[in-house]
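Residue-level structural notes
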Amino acid sequence: SPMSVVNFENELSDEVVEALLDSCRRNVGLFQRYFKAKAKLLGFEKLRFSDILAPAAKSSNQYKFHEAIGLVLSSFGEFSPKFRRLAENVILSGHLHSEPSGNEAATEFCYAVDPKTVPYVMINRRKDLDYIVGSMAHELGHAAHYQLVGELGDWGAHDISNIFAETVSQFS
């Protein structure tokens, strides 16, 4: 296909890209409903491209860190009980780190060592707690995804292309 060269550079097969596009086509109505609702919340008739990642509304909620964990796990559980269990593995394994020690960047990330090890997640507590809820969902989404990939066998978590990993975690 015309996209094969780009797919190859992104370490994705044409079949994987076609499956992603097919899923998007099947769920276009869901995306449209979301963006229409977001436009309404923002007071716009229609969203511009630059509005897509804008916060839908300023939340008055100020979550404590443990409440943020509960909110994310509850949301994951509504999506899939297995996805929630995989995210919980990070917490139960003591692999959720939230206080930079001084040697770490004040950022968020998920690090997968190998397919058999529960991934490590760093969440920056120095930022607004409303922001942390979204970041936690994103990074724990990566962690759940890496564990799902690990179930496939010896395909190492670091072999997942950035495009593939970010596509999955954007929906978390």
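In this text, all values refer to a predicted model and were calculated from it rather than measured experimentally. (Residues numbered from 1 in each chain as written. Predicted model: local features only at pLDDT ≥ 70, side-chain atom pairs only at ≥ 80, totals over all residues. Heavy atoms only, no water.)

**Observations concerning the overall build of the protein chain**
Of the regular secondary structure elements, the protein chain holds 7 helices and 3 strands. Secondary structure of the protein chain in N-to-C order comes out as α-α-α-α-α-β-β-β-α-α. Per-residue burial for the protein chain yields a buried fraction of 32% across its 172 residues. Here the contacts in the protein chain between residues at least 6 apart in sequence split such that 55% fall between residues at least 24 apart. By element, 58% of the accessible surface of the protein chain is carried by carbon and sulfur atoms, the whole surface being about 11,200 Å². (Helix = DSSP H or I, 4+ residues; strand = E, 2+ residues; numbered from the N terminus. Buried < 20%, exposed > 50% of the residue type's maximum accessible area, 1.4 Å probe, protein only. Contact = heavy atoms within 4.5 Å. Areas by Shrake-Rupley, 256 points an atom, 1.4 Å probe, with all protein chains shown as cover.)

**A closer look at the side chain of Asn-7**
Mapped onto the secondary structure, Asn-7 falls in helix 1 (residues 4-9). Within the structure, the side chain of Asn-7 is placed 2.8 Å from the side chain of Asp-14, a separation counted as a polar contact. Aside from chain neighbours lying at most four places away, what touches Asn-7 is Leu-12, Ser-13, Asp-14 and Val-17. (Polar contact = N/O pair within 3.5 Å; in protein donor to acceptor, adjacent residues only side chain to side chain.)

**Brief notes about the nonpolar core**
Counting 24 residues, the largest nonpolar core has Val-121, Met-136 and Leu-140 as the members making the most contacts within it. Only helix 4 (65-79), helix 5 (81-92) and helix 6 (129-150) provide two or more residues apiece to this core. Among the elements that make up this core, the one with the highest residue count is helix 6 (8 residues). Apart from the residues within four sequence positions on either side, Leu-140 is in contact with Val-72, Phe-76, Ala-87, Val-90 and Val-121. (Core = buried A, V, L, I, M, F, W, Y, C linked by side-chain atoms within 4.5 Å.)

**Some points on the packing of aromatic side chains**
Scanning the model with the defined rule gives 3 aromatic pairs in all. Taking the centre distance of 4.9 Å and the plane angle of 70 degrees together, the rings of Phe-76 and Phe-83 count as edge-to-face. Phe-83 sits in the buried class, given a relative accessible area of 10%. Ring geometry for Phe-79 against Phe-83: centres 5.6 Å apart, planes inclined by 85 degrees, an arrangement best described as edge-to-face. Members of the aromatic cluster, joined through ring pairs, are Phe-76, Phe-79 and Phe-83. The ring of Phe-44 is capped by Arg-48, whose NZ or CZ atom sits 5.6 Å from the centre of that ring. (Phe/Tyr/Trp six-rings, centres within 6.5 Å; stacked < 30°, edge-to-face > 60°. Lys NZ or Arg CZ within 6 Å of the ring centre and 35° of its normal.)

**Digging into a nonpolar patch on the surface**
Together, Phe-109, Tyr-111, Val-113 and Tyr-120 give the surface a local cluster of nonpolar side chains, amounting to about 360 Å² of exposed area. Residue class for Phe-109 comes out partly exposed when judged on its relative accessible area of 38%. (Patch = residues over 30% accessible without salt bridge, like charges linked within 9 Å, V, L, I, M, F, W, Y side chains within 5 Å. Salt bridge = Lys/Arg side-chain N within 4 Å of Asp/Glu carboxyl O.)

**Details of the packing of helix 4 against helix 5**
Running from N to C, helix 4 and helix 5 cross one another at 150 degrees; their axes reach a closest spacing of 6 Å. By the angle class used here, helix 4 and helix 5 are roughly antiparallel. For the pair helix 4 and helix 5, contact is made by Ile-69, Leu-73, Ser-74, Phe-76, Gly-77 and Phe-79 and by Pro-81, Phe-83, Arg-84, Ala-87, Glu-88 and Ile-91, respectively. Considered class by class, the residues forming the contact of helix 4 with helix 5 number 8 nonpolar, 2 polar and 2 charged. (Axes fitted to C-alpha atoms, helices over the stretch in contact; angles between N-to-C directions. Parallel < 35°, antiparallel > 145°, perpendicular 65-115°, else oblique. Nonpolar A, V, L, I, M, F, W, Y, C, P; charged D, E, K, R; others polar.)

**A closer look at the pattern of salt bridges**
Evaluation of the coordinates by the stated rule reveals 4 salt bridges. The closest approach of N and O atoms between Asp-22 and Arg-26, which form a salt bridge, is 2.5 Å. Remark: Arg-26 and Asp-22 occur in helix 2 (residues 14-26); sequence separation between them is 4 residues, near one turn of the helix. A relative accessible area of 33% means that Asp-22 is categorised as partly exposed. Owing to a relative accessible area of 58%, Arg-26 belongs among the exposed residues under this scheme. For Glu-88, the salt bridge identified is with Arg-84, shortest N-O distance 3.0 Å. Taken as a pair, Glu-88 and Arg-84 lie in helix 5 at a separation of 4 residues, close to a single helical turn. When its relative accessible area of 22% is taken as the criterion, Glu-88 is described as partly exposed.

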